[in-house]
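Understanding the architecture of this molecule
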Amino acid sequence: MASSRARVIVLNSALGPLDYRVPAGMTVAPGSIVVAPLGPRQMLGVVWEEDRLPGETVGDNRLRNLIAVADAPPVPLPLRRLIEWTADYYVAPLASVLRMALASTAALAGDRTIIEYRATGLVPDRLTPQREQALARIGVRQGTIRELAAMAETSDAVLRGLVKAGALEPVEAMADRPLPVPDPAFGPPRLSAEQQAAADAITAAVDARAFAPFLLDGVTGSGKTETYFEGVAAAIAAGRQTLVLLPEIALTEPFLKRFEARFGCAPVAWHSDLRATQRRRAWRAIASGDALVTVGARSALFLPYRDLALIVVDEAHETSFKQEEGVHYHARDVAVMRGRFQGCPVVLASATPAIETRVQVAMGRYTELKLPGRYGPAELPSIEAVDLIATPPDRGRWLAPQLVKAIDATLERGEQALLFLNRRGYAPLTLCRTCGHRFQCPNCTAWMVEHRLIARLTCHHCGHTIKSPDHCPECETEDSLVACGPGVERIADEARALWPEARTAIVTSDTLWSPARAAEFVARMEAGAIDIVIGTQLVTKGYHFPNLTLVGVVDADLGLSGGDLRAAERTFQQIMQVAGRAGRGEKPGHVLIQTTQPGAAVMQALVNGDADGFYTAETDARREAGVPPFGRYAAIIVSSEDKGAAEATADALARSAPRGDDLHIYGPAPAPLAMLRGRHRMRLLAHAPRSAPLQDAIRDWLASVEWSAKVRVAVDVDPYSFV
Ligand code: ADP
Ligand code: ZN
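Basis of the calculations
- Residues numbered from 1 in each chain as written.
- Chains lettered and ligands numbered in written order.
- Predicted model: local features only at pLDDT ≥ 70, side-chain atom pairs only at ≥ 80, totals over all residues.
- Heavy atoms only, no water.
- Helix = DSSP H or I, 4+ residues; strand = E, 2+ residues; numbered from the N terminus.
- Buried < 20%, exposed > 50% of the residue type's maximum accessible area, 1.4 Å probe, protein only.
- Contact = heavy atoms within 4.5 Å.
- Areas by Shrake-Rupley, 256 points an atom, 1.4 Å probe, with all protein chains shown as cover.
- Lys, Arg positive; Asp, Glu negative; His and termini not counted.
- Charge placed at Lys NZ, Arg CZ, Asp CG, Glu CD.
- Disulfide = S-S within 2.5 Å.
- 1 Å grid on protein atoms, 1.4 Å probe; cavity = no way out; pocket = protein on both sides within 12 Å on 5 of 7 lines; lining within 4 Å.
- Points joined across faces, edges and corners; volume = space filled by probe spheres on them.
- Core = buried A, V, L, I, M, F, W, Y, C linked by side-chain atoms within 4.5 Å.
- Pairing = 2+ DSSP bridges.
- Salt bridge = Lys/Arg side-chain N within 4 Å of Asp/Glu carboxyl O.
- Axes fitted to C-alpha atoms, helices over the stretch in contact; angles between N-to-C directions.
- Near = heavy atom within 4 Å.
- Polar contact = N/O pair within 3.5 Å; in protein donor to acceptor, adjacent residues only side chain to side chain.
- Nonpolar A, V, L, I, M, F, W, Y, C, P; charged D, E, K, R; others polar.
- Arc of directions from axis to C-beta.

1. Examining the overall build of the protein
In terms of regular secondary structure, the protein is built from 19 helices and 29 strands. For the protein, the spread of C-alpha atoms along the three principal axes comes to 80 × 80 × 65 Å. Out of the 723 residues in the protein, the part that is buried amounts to 52%. For the protein, the proportion of contacts with a sequence separation of at least 24, taken over those separated by at least 6, is 76%. Total accessible area on the protein is roughly 31600 Å²; 52% of this is exposed by carbon and sulfur atoms. Averaging the coordinates of the 78 positive side-chain charges in the protein and doing the same for the 82 negative ones gives two points 4 Å apart.

2. Regarding the environment of Met26
Residue placement: Met26 occurs in the loop between β2 (18–21) and β3 (33–38). Met26 gets classed as buried once you look at its relative accessible area, which sits at 17%. Sequence separation between Met26 and Gly143 is 117 residues, and the spatial gap between their C-alpha atoms is 37 Å.

3. A closer look at the state of the cysteines
Across all of its chains, the model carries 0 disulfides by this definition. Here Cys484 is not disulfide-linked; the sulfur of Cys432 is the nearest cysteine sulfur, at 11 Å.

4. Comments concerning the layout of surface pockets
Quantified by volume, the second largest pocket comes out at close to 1700 Å³. As for the second largest pocket, its lining consists of 43 residues, and the residues nearest its centre are Glu147, Ala150, Leu274, Arg275 and Gln278. Of all the secondary structure elements, the ones that give two or more residues to the lining of the second largest pocket are α4 (145–152), α8 (252–263), β10 (268–270), α9 (276–288) and α14 (515–526).

5. Thoughts on the nonpolar core
With 86 residues, the main nonpolar core has Ile33 and Trp283 as its most contacted residues. Apart from residues lying up to four places away in sequence, Ile33 is in contact with Leu44, Gly45, Val46, Ala68, Val69, Ala70, Ala72, Pro73, Val75, Leu102, Leu108 and Trp283. Counting 38 residues, the second largest nonpolar core, distinct from the first, contains Leu418, Ala505, Val551 and Val553.

6. Comments concerning the pairing of strand β16 (residues 416–420)
Buried residues dominate β16, accounting for 5 of its 5 residues. Here β16 shows two buried faces, one formed by Gln416, Leu418 and Phe420 and the other by Ala417 and Leu419. Bridge count for β16 against strand β23 (residues 532–535) is 4 bridges, and the pairing is parallel. Across the sheet, Ala417 pairs through a bridge with Ile532, a residue of β23.

7. A look at the pattern of salt bridges
Any two side chains of opposite charge can pair, given that their charged atoms come close. Per the counting criterion, the structure on display carries 33 salt bridges. For Glu49, the salt bridge goes to Arg81, with nearest N and O atoms at 3.0 Å. With Glu49 in the loop between β4 (41–48) and β5 (68–69) and Arg81 in helix α1 (residues 77–89), the pair connects residues that are 32 residues apart, well separated along the chain. Exposure remark for Glu49: the relative accessible area of 13% places this residue in the buried category. Judged by its relative accessible area of 13%, Arg81 falls in the buried class. Its salt-bridge partner being Asp333, residue Arg332 comes within 3.0 Å of it at the nearest N-O pair.

8. Focus: the sheet that holds strand β18 (residues 449–451)
Spatially, β18-β19-β20 is the arrangement adopted by the 3 strands of the open sheet, whose pairing is antiparallel. Edge positions in the open sheet fall to β18 and β20 (465–467), since each of these has one partner strand only. For this sheet, the mean angle separating the axes of adjacent strands, direction not counted, is 30°. Bridge analysis of β18 against strand β19 (residues 456–458) gives 3 bridges, and the strand direction is antiparallel.

9. What to know about unusual backbone geometry
Looking along the chain, the bond that leaves Pro628 and enters Pro629 is cis, with omega of 5°. Considering the arrangement of structural elements, one finds Pro629 in the loop between α17 (611–625) and β26 (631–640). A cis amide bond, omega 10°, links Gly667 with the succeeding residue Pro668. Even without a glycine there, the phi angle at Glu153 is positive, about 50°. Tracing the backbone shows Glu153 in the loop between α4 and α5 (156–164). Take Glu153: its relative accessible area is 62%, and that puts it in the exposed class. The backbone of Asp479 shows a phi angle near 50°, a positive value even though the residue is not glycine. Along the polypeptide, Asp479 turns up in the loop between β20 and β21 (481–484). Asp479 sits in the exposed class, given a relative accessible area of 64%.

10. Concerning the sheet that holds β10
The 7 strands lie next to each other as β10-β11-β9-β12-β13-β8-β14, forming an open sheet whose pairing is parallel. With partners counted over all chains shown, the strands left at the sheet margins are β10 and β14 (367–371), one partner each. Strand-to-strand, the axes of this sheet are offset by a mean angle of 20°, without reference to chain direction. As judged from the 3 bridges shared by β10 and strand β11 (residues 293–296), these two strands associate in the parallel manner. In the sheet register, Ala269 faces β11, and the bridge partner there is Val295. Helix α7 (residues 224–237) contacts β8 (212–218), β9 (241–245), β11, β12 (308–314), β13 (345–350) and β14 of the sheet and is inclined by roughly 165° relative to β12.

11. Details of the site of ligand 1
The environment of ligand 1 is formed by 16 residues, the closest being Arg190, Gly221, Lys224, Glu226 and Arg258. Measuring from a nitrogen atom of ligand 1, one finds a backbone N or O atom of Arg190 at 2.8 Å. Relative to its unbound accessible surface of 560 Å², ligand 1 loses 80% to contact with the protein. Top element by residues in the shell around ligand 1 is α7. It accounts for 3 residues. The residue inventory of the shell around ligand 1, partitioned by class, reads 4 nonpolar, 7 polar and 5 charged.

12. Comments concerning helix α3 (residues 129–138)
By the burial criterion, the buried members of α3 are Arg131, Ala134 and Ile138. All buried residues of α3 lie within an arc of 60° about the axis, which places them on one face of the element. Turned more than 90 degrees away from the buried face of α3 sit Pro129 and Ala136, all of them exposed. Considering only its buried residues, α3 is in contact with α4 and α5. Count one or two residues on from α3 and you reach Gly139, which has phi positive near 55°.

Right under this line is the structure:
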């Protein structure tokens, strides 16, 4: 459709769609990625269907010429519809959503060559052990200095030295070398009857090329991954694309290994830690259709897949799929919408599906595929509560006698134990015994968390860090500071004091910050070089260690405080997931959960294995209260460095709040996190039945109020965080 003018969404969230002239010789169509003039600057944008973007039409004589069309495929139609839907549902600017689709500007510059290096066969005169090792590890492979350094596990400097010495030579290569093609027949498993039935349903849906949402519901260790891999195999066999979403980058590493074992090569990975060159290559391969399988974090959802045949959301219940900054979207829900626009099946895999998802199944909208038991000889672990009131730990300790005994026995049998506590660092609060002073973050409503391993106090919200003090800044008393409460480091200290012979490992985002560190941890666990793991939620999912037979939950009550509507559900899911790490091999697993409320419904459900009863009660309570998924919330968060400005805007919003029979606006009230990164925060909460047009009401409402540039107003539809 050649036309002399085009409506363009430019990547500037403050601007609506703009009209441009298409100069002679240039052809654009909806989806074309273009460079447009904006004042004195140039701006990326995408041509959109004019009739879908009402705007005021500018006279031809006032139009400016588009500058160029990017050397990249246009944004495909299903993705354009998804971008519109996301902007509309989450009350976000189109440009903010579009930016996620154009996540690599380098990718838009077309084909490019880069310089790579390979061995010449020449042995350098000065052959240091490092150089020798590097040449041995690189062998006949070719890559950039960076890539070769990673292969050789040496520094860039060593490689540069080898180039100088003539042992490595530069070669020109395409920046986007072809990707290895996964082989569906490389290592197929023999599926159990239940697995096969579920796999057949998924592959049939892939072949049918139509939207079909599934819940793949199977206990931990039931083989959900092996099962949905059959759907991936069907897509690969058809030469079509699959997207697998994982909740955390840390899970990518074990996933890549399993994928390679099944399909013979790694898939394309997409996450925030990619270097610009990797990002560019991945984006182009995804857009051209060459990347048959992409595994990524939630942002992979908005990439321009040419021919998507299947979407999998693994660990679909995870709340980290909810984006809490910028566009506040939920990747699980957007994934389902993407499948709808794309016309392809979507598989949500989980051992502990969210109530939202269960309700969709109950309404007949999603098809449930059930894997009832663990694969092979493995049994689900037994779960027992430890009453912290009746049988408390010794003074100054955190592990109750019953748990200590269980660890004794586990170590004696030569098996591994995992202690789970979802708190990084040594202690969550430091206070002065003399004057009561507490160390608080100057930028946030939060205590400074002690990290003893690095001798620092850190705020987990903004990263503000100080050296661990030796005296109280308030009363100046020395040696008067005490650590209150445990973090994983403190539990590790206790474990080392109790079992000095045992080898311990702390697993948190502080210690496992990279895929390489995660791989190293897995290798040490598999080699039996670790006896006790002390970890946060980072160890609760994905890992498969057959010799890990005991799990101790140090503080099962931790997630229950705070009054969040999903607190009980989240506690249940988290403990079921961490329990799922125990007894995955032939040896039976055992789980002890330390709690002060052994009688609470969620603890009883865990101990009695009564997931259904727990979910039924929770679902009924939600229906009764009209809260999600039966009603809808949207939070409005007003923030500013100027407290008065935040309050004034929140008050102004409250005064012009829409009123209706089914629409209720609560607040404003200071947010529980009343200050975050130096900004004062106020919250309002809108509540409406699902049938009410809540987003439209919010758009009209926000448009009717003005606020100063010092104030930010964020909308969070379907909020998961209430702080
Ligand atoms: P889930 O994702 O449901 O927790 P996994 O897919 O991780 O379960 O499977 C648990 C373990 O059982 C893994 O080591 C997996 O390789 C193995 N497994 C599952 N199904 C099969 C099968 N059909 N054949 C061989 N191994 C299997
Ligand atoms: Zn802070």
